[in-house]
Amino acid sequence: MANIIGAVLRIFFYLLYHPFAWLYDLVAQTVSWGRWKAWVFSILPKIQGQILLEIGFGPGHLLEKLQSSGYQVYGIDESWQMCNLASTRLEQHSHHKGIIIRGVCQDLPFPSSQFDTVITTFPPEFIFNETSVKEIYRVLKPGQEWLLIPAAWITGTRLVDKFLATLFRITGQSPPVDMDFTPLLNFYQECGFQIKIEWIILQSSKVLCLRLHKSRINQNLINIQPEPEKLGDYT
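Counting from 1, residues in each chain are numbered in the order their sequence is written. Reporting in this predicted model follows two pLDDT cut-offs: at least 70 for local features of residues, and 80 or more for side-chain atom pairs to be given and counted; totals over whole chains, interfaces and linings ignore these cut-offs and use all residues. To obtain the side-chain values, all non-hydrogen atoms of the structure were included, while hydrogens and water were left out.

K.L.:
So, the side chain of Ser 79: which residues are in play, and what are the values?
P.N.:
A helix here means a DSSP run of H or I that spans at least four residues, while a strand means a run of E at least two residues long, and both kinds are numbered starting from the N terminus. Assignment of secondary structure puts Ser 79 in the loop between β2 (72-77) and α5 (80-92). Exposure is judged per residue with a 1.4 Å probe applied to protein chains only, and the accessible area is read against the type maximum: over 50% gives exposed, under 20% gives buried, and values in between give partly exposed. On the basis of relative accessible area, Ser 79 is assigned to the buried category, the value being 0%. We call two N or O atoms a polar contact when they sit within 3.5 Å, provided that within protein one can donate a hydrogen and the other can accept it, with sequence-adjacent residues counted only if both atoms are side-chain atoms. A polar side-chain atom of Ser 79 sits 3.2 Å from a polar atom in the side chain of Gln 81. The contact criterion used throughout is that any non-hydrogen atoms of two residues lie within 4.5 Å. Ignoring sequence-local partners within four residues, the contact set of Ser 79 consists of Tyr 17, His 18 and Arg 102.

K.L.:
Describe the nonpolar core, with residues and values.
P.N.:
Across soluble globular proteins, nonpolar side chains have a tendency to be buried as a group. Membership of the largest hydrophobic core comes to 37 residues, with the highest contact counts inside it found for Trp 39, Ile 43 and Ile 100. The element best represented in this core is helix α3 (residues 36-41), accounting for five residues. Excluding residues that lie within four positions of it along the chain, Ile 100 makes contacts with Phe 57, Leu 63, Gly 75, Cys 83, Ala 86, Ser 87 and Leu 90. To define a nonpolar core, start from buried Ala, Val, Leu, Ile, Met, Phe, Trp, Tyr and Cys residues and group those joined through side-chain atoms within 4.5 Å. Core analysis: the next-biggest nonpolar cluster, separate from the first, contains 31 residues, Val 118, Val 133, Cys 191 and Ile 197 among them.

K.L.:
Give me the pairing of strand β4 (residues 115-121): which residues, what numbers.
P.N.:
Buried residues dominate β4, accounting for seven of its seven residues. For strand β1 (residues 51-55) and β4, the ladder comprises three bridges, and the chain directions are parallel. If you follow Leu 52 over to β4, its bridge partner there is Thr 117. When the strands point away from the viewer and the connection leading from the first strand across the helix to the second strand turns clockwise, the crossover is called right-handed. Running through helix α6 (residues 130-139), the crossover from β4 to the neighbouring parallel element strand β5 (residues 140-154) is right-handed. Here, strands pair whenever DSSP counts at least two bridges between them.

K.L.:
Help me get a handle on the confidence of the model for the chain, residues and values and all.
P.N.:
Averaged over all residues, the pLDDT of the chain is 83; the fraction at 70 or higher stands at 82%. Every residue in residues 219-235 is under pLDDT 50, and counting partners more than four places away or in other chains gives 43 contacts. Confidence of the predictor in every single residue is expressed as pLDDT, which spans 0 to 100.

K.L.:
Explain the environment of Leu 140 to me, using residue names and the numbers behind them.
P.N.:
Note on placement: Leu 140 falls in strand β5. Taking C-alpha positions, Leu 140 is 5.9 Å from Gln 114, a pair spaced 26 residues apart along the chain. For Leu 140, the residues in contact, after removing those within four places along its chain, are Ser 113, Phe 115, Asp 116, Thr 117, Val 118, Glu 145, Trp 146, Phe 193, Leu 212 and Lys 214.

Written out as structure tokens, the structure is:
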């Protein structure tokens, strides 16, 4: 049964991210009960430096937010539909759209050690691909971080919150909160990253943030932060 659900969801998300990309915002905001942008924007206080790369920017909300805040931002996404949506969004806010590139994470068209921070929020399977991770490591400056938000959990006590939390668990959008992260951490460590896990607490939800540090020296360390970090909503 789980395999069938997984296959159906992969088809659904492919359609949502490509031919039906114009519905992405509506679906994301509906299934998260209006929390989706807050989850994505919760990454903002952790960003360091000025030259940023967002991989898999989707409709471009975070891309626009970063550029309007004065960062030098590059974005890459494999969906031409999402590239069009993001370009339109930046143009509407009088931003230059040339930073948007259609491409894949397995072959990033950037020089080595170019970016102060690399950002991915709710990405698909490429974050588990060794070639992709090594490419992210390559374009990141030594001593800087790849910020990754892979999942969020709805923690509210209202009936609708409990229903959506259950739906997220059934569809696999929210992994078990007691999930063993060791294999994932070991994988990133083997790719050269030092790792720190942080929990971002928002109103009636929490977000998992992985901070993957490219050391200035060839040394690996896994540092799990046990206590959640209390932050407000970023909208």
